[in-house]
Amino acid sequence: MAKKIVQNNDIVEGPIVYNQTRVVDLDVAHMESNRIITLDNEDPNSISFDILRTQVLAKMEANNWRTLAITSPTPACGKTVVAINLALSIAKQTDYTALLVDFDLRRPRVAAYLGLPKENSFSDYLDGKIEFNDALVNPGIPRFVVLPNWRPVKNSTEVLTSRKVKAIVEDLRDRYEKRICIFDLPPLKTTDDAIAFIPQVDCVLMVVSSGETKPAEVKECRRQLQSSNLLGVILNKSEEVAKTYYY
């Protein structure tokens, strides 16, 4: 079966080879310790993320949407874990490519959870140390690319609403027709970063923590997102790994 080559930012037929994007090998044990479970097709808990993937893609395809933000009311709800597992599920089991972007610029976690090298991240690009493409990483999984970040970014709200970032979002969305871009954003109640950035994306998922997130917090965050396309609320840390309630 013909596959795709990623070369000089173009896709052509052939085996998957990343010539312009860094390729790194993942430590599976490290990922499992951080609850990244969709690498293992035999893990019974991964089915929750496969169901989530199918539901999310159905809504996105119906509306021709390709950009998705993931946030939460407060820290420690597991939004980053959900974002990584969802992106991996899309990349591994669909015809789409998945791009995961760490835009939680105050407390970046994606790179640490995946165990990526501490070099050439988004903050280095903002500082003018590298070109943008040098920050992108393929973690050894076909159709999966990450824009990681290791260091907190000053004036993060201003950065996320800047012309530079808006141009990046448009380029990442439009570069490939069959790409889903997932943006891991900060919690809604800790900063205005997420609510400032969300108008740039097509739709949103909110992750809440079973037994920890208060109903009043969910209600307030839903009010904040009322002008956005909220796909649903994911109940995380329950007996089901990720259960979604749609609105």
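Thresholds applied
- Residues numbered from 1 in each chain as written.
- Predicted model: local features only at pLDDT ≥ 70, side-chain atom pairs only at ≥ 80, totals over all residues.
- Heavy atoms only, no water.
- Core = buried A, V, L, I, M, F, W, Y, C linked by side-chain atoms within 4.5 Å.
- Buried < 20%, exposed > 50% of the residue type's maximum accessible area, 1.4 Å probe, protein only.
- Helix = DSSP H or I, 4+ residues; strand = E, 2+ residues; numbered from the N terminus.
- Contact = heavy atoms within 4.5 Å.
- Axes fitted to C-alpha atoms, helices over the stretch in contact; angles between N-to-C directions.
- Parallel < 35°, antiparallel > 145°, perpendicular 65-115°, else oblique.
- pLDDT = per-residue confidence, 0-100.
- Phe/Tyr/Trp six-rings, centres within 6.5 Å; stacked < 30°, edge-to-face > 60°.
- Lys NZ or Arg CZ within 6 Å of the ring centre and 35° of its normal.
- Pairing = 2+ DSSP bridges.

### Observations regarding the nonpolar core
Right, so step 1: Counting 41 residues, the largest nonpolar core has Leu68, Phe144, Ile182 and Leu205 as its most contacted members.
Right, so step 2: With 9 residues, the single largest contributor to this core is helix α3 (residues 79-93).
Right, so step 3: Residues within four places of Leu68 in sequence aside, it is in contact with Val56, Met60, Leu86, Cys181, Ile182, Phe183, Cys203, Val204, Leu205 and Leu231.
Right, so step 4: Phe103, Leu188, Ala194 and Leu225 belong to the second-largest nonpolar core, a separate cluster that totals 37 residues.

### Some remarks on the packing of helix α2 (residues 46-62) against α3
Each pair of packed helices can be summarised by the angle the axes make with each other and by the distance between the axes.
Right, so step 1: It is at 9 Å that the axes of α2 and α3 come closest, and there the two elements cross at 75°. Viewed along their axes, α2 and α3 adopt a mutual orientation that is roughly perpendicular. Where α2 approaches α3, its residues Phe49, Asp50, Leu52, Arg53 and Leu57 are matched on the opposing element by Val82, Asn85, Leu86, Ser89, Ile90 and Gln93.

### Focus: the confidence of the model for the protein
Regions with low pLDDT should not have their predicted coordinates read in detail.
Right, so step 1: When the pLDDT values of the protein are averaged, the result is 89; 89% of them are 70 or greater.
Right, so step 2: Here residues 1-14 is a poorly scored stretch, pLDDT under 50, and it has 32 contacts once near neighbours within four places are set aside; other chains count.

### A closer look at the packing of aromatic side chains
Right, so step 1: For the structure on display, the rule yields 6 aromatic pairs.
Right, so step 2: Plain terms: the ring middles of Phe122 and Tyr125 are 6.1 Å apart, the flat faces sit at 35° to each other, and that makes the pair tilted. Remark: Tyr125 and Phe122 occur in helix α5 (residues 122-126); sequence separation between them is 3 residues, near one turn of the helix.
Right, so step 3: With a relative accessible area of 0%, Phe122 lands in the buried category.
Right, so step 4: Ring centres of Phe183 and Phe197 lie 5.3 Å apart, and the angle between their planes is 55°; on these two criteria the pair is classed as tilted. In this pair, Phe183 sits in strand β8 (residues 179-184) while Phe197 sits in helix α9 (residues 193-197), placing the two residues 14 residues apart along the sequence.
Right, so step 5: Three or more aromatic residues link up through ring pairs in this structure, and these residues are Phe103, Phe122, Tyr125, Phe132, Phe183 and Phe197.
Right, so step 6: Its end group placed over the ring of Tyr125, Lys164 keeps NZ or CZ at 5.1 Å from the ring centre.

### Considerations on the environment of Val153
Right, so step 1: Tracing the chain through its elements places Val153 in the loop between β7 (144-147) and α7 (156-160).
Right, so step 2: Its relative accessible area of 13% is what places Val153 among the buried residues.
Right, so step 3: Considering only alpha carbons, one finds Val153 and Asp127, 26 residues apart in sequence, at a separation of 9.8 Å.
Right, so step 4: Setting aside residues up to four positions removed in sequence, Val153 forms contacts with Leu105, Ser123, Leu126 and Val159.

### Regarding the pairing of β7
Right, so step 1: Of the two faces of β7, both are covered, the one formed by Phe144 and Val146 as well as the one formed by Val145 and Leu147.
Right, so step 2: Sheet analysis places strand β5 (residues 97-102) next to β7, joined by 4 bridges and oriented parallel. Counted as the bridge partner of Val101 is Leu147 from β7.

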